[in-house]
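Commentary on secondary and tertiary structure
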Amino acid sequence: MAGPATVDPPVRTTDVNGPAGAGPAGAAERVVLRLARPYLGRLVGAGLLAAATEFAGLALMATATWLLMSAAGRPPLDRLTVAIVAVRALAISRGVFRYTERLAGHDAVLRIITDVRARVFAALAARRSAPARSGDALSRLVSDVETVQDLLLRVLVPAAGAVLVSVVAVGGAALISPPAAGVLAVGLLVAGVALPVLATRLTRRSAAELAPLRGALAADAIDLTHGAADLAAFGATATALRAATDRTRRLARLERRLAAAGFAVDAIGTLLAGLTAGAVVLVALASGVPGVLVGVLAVGTLTAVEVALALVGAARQRTQLRTGLTRVAALLGDTRARVPGAGPAPREEPTPGAEPMAGAELTPGVASEGGTHDVRLDDVTVRYRAGAAPALDRMSLDLPAGRRVAVVGPSGAGKSTLAAVLTGAVQPGSGRVTVGGRDLSTYAEDELPRVVGGLLAEAYVFHATVRENLLLGGPGAGEEELAAAAAAAGLLDWVREQPAGWDTVVGEEGSQLSGGQRQRLALARALLAAPPVLVLDEPTEGLDPAAADAVLASTLAATPAGHSVLLISHRLTGLAGLDEIVVLDAGRVVQRGRHGDLVATPGWYRDQWLLQEAAERGYLALAP
Ligand SMILES: Nc1ncnc2c1ncn2[C@@H]1O[C@H](COP(=O)(O)OP(=O)(O)OP(=O)(O)O)[C@@H](O)[C@H]1O
């Protein structure tokens, strides 16, 4: 069978979500901090308590060291009493400080978050382009706002505590030995400034790639589940799975790289603590500091460097929070930072080419392979549940190659089931379906979509660009073919009006399109695929009568000659040009013939035609 060997699913480039961290994170932080201003007193209190906690830990280690080393010289007990009491007091106060710091920090931050969430909600509600129902909006309300919480609780408060304690530690060391304090200051600067900068540099790029990649994977999961039927119908399941697997691998690689960089920085931090303590000891000994105080300086240095190393963790956190913070800040409109996910992917240079003719016949995406594509159903029965009434009841139907047939009938008659049987989505319980004389069950999974396919009921629109959604139907299609398919489906004018044109992102499940535009997009995709047997399940659903007539006419005109069409429709208008109309009821063919004959014959078709005529005449009379 000729035609493309593989059909690509819409390729989600990570830029669907926008480049993470593309915005100025510093500006975003300023916006967030401005929101925190009314709670500044509480935040400063939390920062001071964090510093008190770290200081209590540092003082505890230093006092305990002094106590142990002094006790080795067996001094009178009264000389140790103060230190013993201090150790107990510091050990208890450290826990108390930690507890109150957590309490105060969370109290302040949760108040700020309540404010931020209310503002984000208001901003989202005011934006028509980001409906509050969409997963993206939800993620902004929940996870992005949590980045504000993390910025305050995991970055700013601990960082403030670490800086304060570092200053106090250097001051304390200077009381014992100014040269040793100088060495400690250098060690603390390396631990608290140079290492965080290094950690940020090492992880920034990977962290920036991480967030959009995770977003793309989440969207993959939705597309693979909700769009499974459409992927299968276009033979793109394997390719979509491969793309998602590749993304998962890339994510794993990135996370490994980030973890390795993290371990390396941690190892350098530990080494630095040891080296600084060693240098402090040597300098203190050289300056004639007594042995006990040298011990105090050594242990104090180890503890102080460890406290300063918290800044490395804070820097790492900050890098990871960039994307979320930028999105929150941009949403609140206080920064010009780009909102990843809100904007379309950068526009590609248009492919030079002739202007397509509206309604021009499409180049078949797949040429028929010489053999005919006669479709035959013999005594086909489909039952969705054992004991239930059959959806198709011993149904027989011929659809010779090149024939254009409409299938109509009351709701629940089995029309969509017939489409599902032909596209291989539903296996008949009994009977035989052949295409080109070959049993349908002998077609390989990726082979059938190249012969029978089209627009399924409730077609899925992927969270990608218009172009990517269309290319699912015709992977190799150029601008001209895209335009011809879009013109036939009545979508071209809309595409041309969009600033991003073919690169307009349609949102999750096409949420940024109207129902009619979604339907036209799905129809254009089916037309682009142009299989020899084209199944169209309600192609004009959701369109007003005049638009439905125009789209149906251009759709039929765009279908290549020699290709069969099986059109499922509720509307009976526009069927006069078809070769045959089959009326189904309760899974059986109850009438068949051309429109003119059926209208003249008493039965469901004639009744329905008269009803629809009257209804649409009324509609047109009411129309302005
Ligand atoms: N997935 C399913 N599971 C169980 N029963 C189903 C399923 N799909 C369809 N049916 C049943 O099969 C029968 C035929 O449904 P089908 O969707 O083919 O009818 P239809 O003619 O396309 O209806 P409509 O015009 O309302 O879309 C109905 O009774 C329906 O309830």
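Nothing here was measured: the structure is a model prediction, and the numbers come from that model. (Residues numbered from 1 in each chain as written. Predicted model: local features only at pLDDT ≥ 70, side-chain atom pairs only at ≥ 80, totals over all residues.)

1. What to know about the environment of Ala218
- One can find Ala218 in helix H5 (residues 178-226).
- For the pair formed by Ala218 and Ala244, sequence separation is 26 residues and the distance between their alpha carbons is 9.8 Å. (Helix = DSSP H or I, 4+ residues; strand = E, 2+ residues; numbered from the N terminus.)

2. Let's talk about the sheet that holds strand E1 (residues 375-382)
- The four strands lie next to each other as E2-E1-E4-E5, forming an open sheet whose pairing is antiparallel. The sheet terminates laterally at strand E2 (392-399) and strand E5 (438-439), the two strands that pair on one side only.
- With five bridges joining them, E1 and E2 adopt antiparallel strand pairing. Paired with Val382 across the bridge in E2 is Leu392. (Pairing = 2+ DSSP bridges.)

3. Points about the site of the ligand
- The local shell around the ligand consists of Tyr384, Ala391, Gly409, Ser411, Gly412, Ala413, Gly414, Lys415, Ser416 and Thr417.
- Taken together, the residues of the shell around the ligand break down into three nonpolar, six polar and one charged. (Near = placed C-beta within 6 Å. Nonpolar A, V, L, I, M, F, W, Y, C, P; charged D, E, K, R; others polar.)

4. Topic: unusual backbone geometry
- Here the phi dihedral of Ala530 falls at roughly 40°; this positive angle occurs in a residue that is not glycine.
- Here Ala530 lies in the loop between helix H14 (515-529) and strand E7 (533-537).
- Classification of Ala530 as buried rests on a count of 26 C-beta atoms within 10 Å. (Buried ≥ 20, exposed ≤ 12 C-beta atoms within 10 Å, placed from the backbone.)

5. What to know about the UniProt feature "transmembrane region" (unreviewed entry) in the chain
- Taking the UniProt record as the reference, the feature "transmembrane region" (unreviewed entry) is found at residues 43-68, 80-97, 151-174, 180-199, 258-286 and 292-312.
- Secondary structure content for residues 43-68 is 100% helix and 0% strand, while the C-alpha to C-alpha distance between its ends is 37 Å.
- With 100% helix and 0% strand, residues 180-199 has end C-alpha atoms that lie 27 Å from one another. (UniProt positions renumbered as here; feature names shortened; annotations may be inferred.)

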